[in-house]
Amino acid sequence: MTGFRGQVTLDGPSGTGKSTVARGVAARLGAAYLDTGAMYRAATVAVLDAGVDPEDAAAVARTVAAARIEVGTEAGTEVVLVDGVDIAVRIRGAEVTRTVSAVSAVPAVRRQLVDQQRELVAAADAVVVEGRDIGTVVLPDATLKVYLTAAPEVRAQRRAGQLGITDAAEIAALAADLRRRDEYDSSRADSPLRPAADSVVVDSTDLDQQGVIERIVELAAVGAGERT
């Protein structure tokens with residue numbers, strides 16, 4: 001599908017395949033792509049490298065405000081930089097994953113990165129944006145809002161596949177981590193993880209990635225038709 005104009009938001013918990021799906025949808029729509037989660041992970045790298053306690057909100061906010069965080073908007077290329085250093089691989093590591101929820105819960109950090117996200121979106125005629133509060137906070141007037149979910153056990157298996165993990169105990173630990181992060185992000189006071197009232201919930205438990213991409217492209221086509 002080409003000729004799409006507008007914003008597709010893709011929210012949901014970790015391990016649902018949001019990044020791969022969002023990139024696939026962006027490629028199909030000929031749209032820009034923005035991974036807001038990568039921005040929060042980049043902010044977390046800045047905090048870790050500064051030796052700051054992630055629970056010290058004031059220090060975290062100062063550290064992130066001083067960092068230069070850059071992300072690319074091309075679906076086929078992942079660009080994530082902090083102060084000019086490529087951290088695209090590092091942001092997916094265990095240390096960042098354990099810490100990102102605490103950093104992203106700081107209101108000043110969210111305000112800073114949301115402003116940056118809106119600037120990037122404003123520069124694109126068509127864009128697919130993935131994250132956790134895009135449809136509810138960042139782009140409440142988006143053309144299409146999708147909330148992608150899946151059973152925790154399935155999400156853990158998918159994440160394990162990405163990381164090359166085959167040990168059953170490690171996969172169970174991944175599932176527990178996903179549940180813990182879901183609870184943390186869903187209960188935070190600032191921009192909690194939840195579907196927007198007007199979002200379409202897509203459960204990918206029994207769908208492969210291509211099936212999810214097809215479903216969202218179909219929804220985008222319907223939305224485009226309603227606007228013409």
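Located above this text is the structure these notes cover.
Just so it is clear, the model here is predicted, and its values are computed rather than measured. Residue numbers here run from 1 along each chain, matching the order of that chain's written sequence. This being a predicted model, a pLDDT of at least 70 is required before a residue's local features are given, and a value of 80 or more before pairs of side-chain atoms are given or counted; all residues contribute to the totals for chains, interfaces and linings. To get the side-chain values, all heavy atoms of the structure are used, and hydrogens and water are removed first.

This paragraph deals with the side chain of Ser101. In this description a helix means any DSSP run of H or I spanning at least four residues, a strand means any run of E spanning at least two, and both kinds are numbered starting from the N terminus. Here Ser101 shows up in helix H4 (residues 94–104). Assessed through its relative accessible area of 6%, Ser101 is described here as buried. When sequence neighbours within four positions are dropped, the list of residues in contact with Ser101 reads Arg181, Tyr184 and Asp185. Exposed residues in this analysis have more than 50% of their type's maximum accessible area, buried residues have under 20%, and partly exposed residues fall in between, with area computed by a 1.4 Å probe over protein chains only. Working rule for contacts: check all heavy atoms of both residues, and any pair within 4.5 Å makes them a contact.

Let's shift gears to helix H5 (residues 107–122). Here the expected span of a helix is defined as 1.5 Å times the quantity of residues minus one. For H5, with 16 residues, the first-to-last C-alpha span of 22 Å sits near the 22 Å given by 1.5 Å per residue. Among the residues making up H5, those that are buried are Val109, Arg110, Leu113, Val114, Gln117 and Val121. Down the axis of H5, the buried set is contained in an arc of 120°. They therefore lie on one face. Seen from the buried face of H5, the exposed residues on the opposite side, beyond 90 degrees, are Arg111, Glu119 and Ala122. Note that the arc is computed from the directions linking the helix axis to the C-beta atoms.

Within the largest apolar cluster, 38 residues are counted, with the highest numbers of intra-cluster contacts made by Val60, Ile69, Val80 and Val109. Element by element, the count of residues in this core is highest for helix H2 (residues 36–49), at 8 residues. Excluding residues within four positions of it along the chain, Ile69 makes contact with Met39, Ala42, Ala43, Val64, Leu81, Val82, Leu113 and Gln116. Residues enter a nonpolar core if they are buried and are Ala, Val, Leu, Ile, Met, Phe, Trp, Tyr or Cys, with the set joined through side-chain atoms within 4.5 Å.

What follows concerns unusual backbone geometry. Note: most residues except glycine have negative phi, and most peptide bonds are trans. One non-glycine residue, Asp83, lies in the positive phi region at around 50°. Checked against the element boundaries, Asp83 lands in the loop between strand E4 (80–82) and strand E5 (85–86).

What follows concerns the sheet that holds strand E3 (residues 69–71). In this scheme, strands are said to pair when DSSP sees at least two bridges between them. Strand order in the open sheet made by the 3 strands is E3-E4-E5, with antiparallel pairing throughout. Looking at strand neighbours, the two that pair on one side only are E3 and E5, the edges of this open sheet. Sheet topology places E3 next to E4; 3 bridges connect them, and they run antiparallel. Looking at E4, one finds that Glu70 is bridged to Leu81.

Side chains Ala32 and Leu34 of strand E2 (residues 32–35) all project onto a buried face; the interleaved residues Tyr33 and Asp35 project onto the opposite face, where all are buried too. Here E2 pairs with strand E6 (residues 126–131) via 4 bridges, running parallel. Note that in E6 the partner of Asp35 across the bridge is Glu130.

Let's shift gears to the pattern of salt bridges. A side-chain nitrogen of Lys or Arg and a carboxyl oxygen of Asp or Glu constitute a salt bridge if their distance falls within 4 Å. Scanning the model with the defined rule gives 9 salt bridges in all. Arg92 is paired through a salt bridge with Asp35; the nearest N and O atoms lie 3.0 Å apart. Remark: Asp35 occurs in strand E2 and Arg92 occurs in the loop between E5 and H4; sequence separation between them is 57 residues. Take Asp35: its relative accessible area is 6%, and that puts it in the buried class. For Asp49, the salt bridge is made with Arg90, and the minimal N-O distance between the two is 2.7 Å. Residue Asp49 is found in helix H2, and its partner Arg90 is found in the loop between E5 and H4; the two are separated by 41 residues along the sequence.

Purely geometric numbers; function is a separate question.
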